[in-house]
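# Coordinate analysis (summary)
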Amino acid sequence: MAEAWDRIASSGLNHALAPETSDLVRETTELIRKDLASIARRKAITSAYQEQTNHNNLSALEYVQVLDIYVSGKAKAWVGGEEMDPVAQPVQPETPAPCPDLPSPKIIDVINRMNAIKRIEGIEEKTLRQYQSFAALFAMLSGTDDITKIRQPDVKAFRADLSMMPKSWGKSPKDRTATRDEVMAKAASLPLDKIGLSVGTINRHLEHLNQIADWARDEGLSVDPNLNPAKLRKKETVRARDKRAAFSVAQLQAIFQNPVWTGSKSEYHQTKPGQDIFQNGVYWCPLIGAYTGARREEIAGLAPSDIVKVEGIWCFSIVDSELRRIKNLSSRRMIPIHSHLIELGFLDHGLKAQNNNQNSLFPELYEVGNDAYGRKVGRRMRQIIDQELREHGAKLSFHSLRHYAQNQLDHAGVDDKIVRDIIGHEGKDIHDKVYRKSAPLPALSQAIARLPKVA
């Protein structure tokens, strides 16, 4: 780390590393470069500069100068000053080290600093956004945005509020500016089955607070030692496998009779009957989900370059990209493309996107505010399910396509290891996780072919 900072300080952020540079220094230098180039780091440095100088406007040139000071300071901190000659230099009396300036204790600031590191570690943006959403939710319900002022009774009250607020909170843009009184007033007007977040969601929020508190403690902030959000986790009352709603073949066949796939009034009114079929993201994404079991964001974030031919087999290449992050290492995989997708013209769609120099297969799904591709198709899928299945589809969602595909492969007798390779799940033991290689593509292709036609 010391050598990496010293090289950056002396030779610049983007200098070429010498061929003899060790792999460890090379990897560390790359991590530092990514952090220094991130928006989160720019915000942190700018904020620190403003706090120290009371100067709110920082020009591009001034930022470069401040960044240079920051890098120089980091290098000196890691490398250390010149050693003093004990003979030549007089012994100085020890003086207490000054107390370092502590970072901002605001929850959102702690999260931004934490996310900057998690982003370098490859944590997907969806997870990082959940932490930021949590900050807004906690501040709105508790009235507290300072991690050092939170006490255990505050967390108890927060958990109680989560059990009383509308299940749909957060899905409307208006929710971002709502007050606690407005949220609770809305909940009071709803039937009981529409009130209270799920046990899993409540526990996720408590876990987020737990991680934020631990991170703040590590930064030296005076977090209450008795603060223990994890202690308040609620017990699940339903087995995990029973919570996973999956489509049946009949239900999917009904879904794909929607006007989206049989003829629409217009692309804007795609779920209303008409004469035209629009092969856009709303058309393709549910089909791909039914024939791969891939996650919503993995599908919606596909690029033309993710359609590849390997060993004579057309595949989806699920990897990290500028459009979307994958969930974990086991999510990086090749999924053969089902023959029915090819029959419907999916390869032609990919070729057209490539010829148009598109960076995304489904650019119409992108939402600027959310910086994401999957949410729009998720909402449209909800609309289609309600339209075709009514009350019978209440527990189904786009994610149910993933459980459907896994169940179909299991019921078709496909080997469990091949199913995990297709779905993108980790192995069950250390042998599977470390030593077992992915199944060969022909075996994966044969398994995909066993998924029934549903459209």
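## What to know about the overall build of the protein chain
Scanning the protein chain from N- to C-terminus turns up 21 helices and three strands. Counting all 455 residues of the protein chain, 40% fall into the buried class. Carbon and sulfur atoms make up 52% of the accessible area of the protein chain, which amounts to about 25800 Å² in all.

## Points about helix α18 (residues 400-411)
The terminal C-alpha atoms of α18 lie 16 Å apart, and with 12 residues this matches the ideal 16 Å at 1.5 Å per residue to within 8%. What α18 keeps buried is the set Ser-400, Leu-401, Arg-402, His-403, Tyr-404, Ala-405, Gln-408 and Leu-409. Looking at the buried positions of α18, the neighbouring elements they touch are α11 (249-255), α13 (281-292), β3 (333-336), α17 (374-389), α19 (416-423) and α21 (441-448).

## A closer look at helix α3 (residues 39-53)
The terminal C-alpha atoms of α3, which comprises 15 residues, lie 21 Å apart, in line with the 21 Å expected from a rise of 1.5 Å per residue. Among the residues making up α3, those that are buried are Ala-40, Arg-41, Ile-45, Thr-46 and Tyr-49.

## What about a positive patch on the surface?
A cluster of like positive charges, contributed by Lys-126, Arg-176, Arg-204 and Arg-375, occupies part of the molecular surface. A residue is classified by how much of its surface remains accessible, and Lys-126, at 36% relative accessible area, is partly exposed.

## What to know about the packing of aromatic side chains
Across all of its chains, the model carries nine aromatic pairs by this definition. Centre to centre, the rings of Phe-134 and Phe-138 are 5.8 Å apart; their planes meet at 35°, and the pair counts as tilted. Of the two residues, Phe-134 and Phe-138 both sit in helix α6 (residues 125-142), four residues apart, roughly one turn of that helix. Both residues of the pair, Phe-134 and Phe-138, belong to the buried class. Where Phe-256 meets Trp-261, the ring centres are 4.7 Å apart and the plane angle is 80°; that geometry is what we call edge-to-face. Judged by relative accessible area, which is 2%, Phe-256 ranks as buried. An aromatic cluster is defined as three or more aromatic residues linked by ring pairs; in this entry it consists of Tyr-283, Trp-284, Phe-316 and Phe-346.

## A few points about the sheet that holds strand β2 (residues 313-318)
Reading across the sheet, the three strands line up as β1-β2-β3 and stay open at both edges, with antiparallel pairing between neighbours. Taken across any chain shown, the strands that pair with only one partner, and hence form the sheet edges, are β1 (307-310) and β3. In this sheet, adjacent strand axes meet at a mean angle of 45° when their direction is disregarded. Strand direction decides the pairing type here: β2 and β3, joined by four bridges, are antiparallel. Looking at β3, one finds that Ser-317 is bridged to Met-334.

## Considerations on the pairing of β1
Relative to β2, β1 is paired through four bridges, and the arrangement is antiparallel. If you follow Val-310 over to β2, its bridge partner there is Ile-313. A loop of two residues connects β1 with β2, the two strands running antiparallel in sequence, and Glu-311 in this loop sits at a positive phi of about 55°.

## Topic: the pattern of salt bridges
Here the idea is simple: oppositely charged side chains can pair when their charged atoms come close. Going through the model one piece at a time under the given rule, you end up with 13 salt bridges. Residue Asp-161 is joined to Arg-180 by a salt bridge in which the shortest nitrogen-to-oxygen separation is 2.9 Å. Remark: Arg-180 occurs in helix α8 (residues 180-188) and Asp-161 occurs in helix α7 (residues 152-162); sequence separation between them is 19 residues. Among the residues examined, Asp-161 registers a relative accessible area of 6% and is labelled buried.

## Quick word on a nonpolar patch on the surface
On the surface, Met-1, Trp-78 and Val-79 cluster together into a nonpolar patch covering about 310 Å² of accessible area. For Val-79, the position within the fold is in helix α4 (residues 60-79). Taking the relative accessible area as the measure of exposure, Val-79 reaches 48% and is therefore partly exposed.

## Re the nonpolar core
By size, the foremost hydrophobic cluster in this structure holds 56 residues, and its most contacted members are Phe-247, Leu-252, Ile-255, Ile-288, Phe-316, Leu-341 and Phe-346. Top contributing element to this core by residue count: α13, with eight residues. For Leu-252, the residues in contact, after removing those within four places along its chain, are Phe-247, Ala-290, Leu-401, Tyr-404 and Val-454. Residues Val-110, Met-114, Phe-138 and Ile-147 belong to the second largest nonpolar core, which totals 31 residues.

## Structural notes on unusual backbone geometry
We note that Glu-311 has phi near 55°; this positive angle belongs to a residue other than glycine. By the secondary structure assignment, Glu-311 is in the loop between β1 and β2. Its relative accessible area of 61% is what places Glu-311 among the exposed residues. A positive phi angle is found at Asn-357, which is not glycine, with a value near 60°. On the secondary structure map, Asn-357 appears in the loop between α16 (346-355) and α17.

## Points about the environment of Ala-372
Within the secondary structure layout, Ala-372 lies in the loop between α16 and α17. Residues within four places of Ala-372 in sequence aside, it is in contact with Arg-129, Leu-365, Tyr-366 and Glu-367.

## With respect to the confidence of the model for the protein chain
Summary statistics for the protein chain give a mean pLDDT of 84 and a share of 86% for residues scoring 70 or more. For the stretch residues 81-93, pLDDT sits under 50, and the model shows three contacts to residues farther than four places along the chain or on other chains.

## Digging into the packing of helix α5 (residues 107-120) against helix α9 (residues 199-218)
Orientation of α5 relative to α9, taken along the N-to-C sense of each, is 85°, at an axis distance of 10 Å. Judged by the angle between their axes, α5 and α9 are roughly perpendicular. Listed contacts from α9 to Ile-107, Val-110, Ile-111, Arg-113, Met-114, Ile-117 and Lys-118 of α5 are Gln-211, Ile-212, Trp-215 and Ala-216. Across the contact of α5 with α9, the residue classes tally to eight nonpolar, one polar and two charged.

## So, the packing of α5 against α6
Their axes nearest at 10 Å, the elements α5 and α6 cross at an angle of 175°. The orientation of α5 with respect to α6, classified from their angle, is roughly antiparallel. Residue-level contacts link Ile-107, Ile-108, Ile-111, Asn-112, Met-114, Asn-115, Lys-118 and Arg-119 of α5 to Glu-125, Leu-128, Tyr-131, Gln-132, Phe-134, Ala-135 and Phe-138 of α6. Looking at the contact of α5 with α6, its residues break down into nine nonpolar, three polar and three charged.

The rules behind the values
- Residues numbered from 1 in each chain as written.
- Predicted model: local features only at pLDDT ≥ 70, side-chain atom pairs only at ≥ 80, totals over all residues.
- Heavy atoms only, no water.
- Helix = DSSP H or I, 4+ residues; strand = E, 2+ residues; numbered from the N terminus.
- Buried < 20%, exposed > 50% of the residue type's maximum accessible area, 1.4 Å probe, protein only.
- Areas by Shrake-Rupley, 256 points an atom, 1.4 Å probe, with all protein chains shown as cover.
- Expected span 1.5 Å × (residues − 1).
- Contact = heavy atoms within 4.5 Å.
- Patch = residues over 30% accessible without salt bridge, like charges linked within 9 Å, V, L, I, M, F, W, Y side chains within 5 Å.
- Salt bridge = Lys/Arg side-chain N within 4 Å of Asp/Glu carboxyl O.
- Lys, Arg positive; Asp, Glu negative; His and termini not counted.
- Charge placed at Lys NZ, Arg CZ, Asp CG, Glu CD.
- Phe/Tyr/Trp six-rings, centres within 6.5 Å; stacked < 30°, edge-to-face > 60°.
- Pairing = 2+ DSSP bridges.
- Axes fitted to C-alpha atoms, helices over the stretch in contact; angles between N-to-C directions.
- Core = buried A, V, L, I, M, F, W, Y, C linked by side-chain atoms within 4.5 Å.
- pLDDT = per-residue confidence, 0-100.
- Parallel < 35°, antiparallel > 145°, perpendicular 65-115°, else oblique.
- Nonpolar A, V, L, I, M, F, W, Y, C, P; charged D, E, K, R; others polar.

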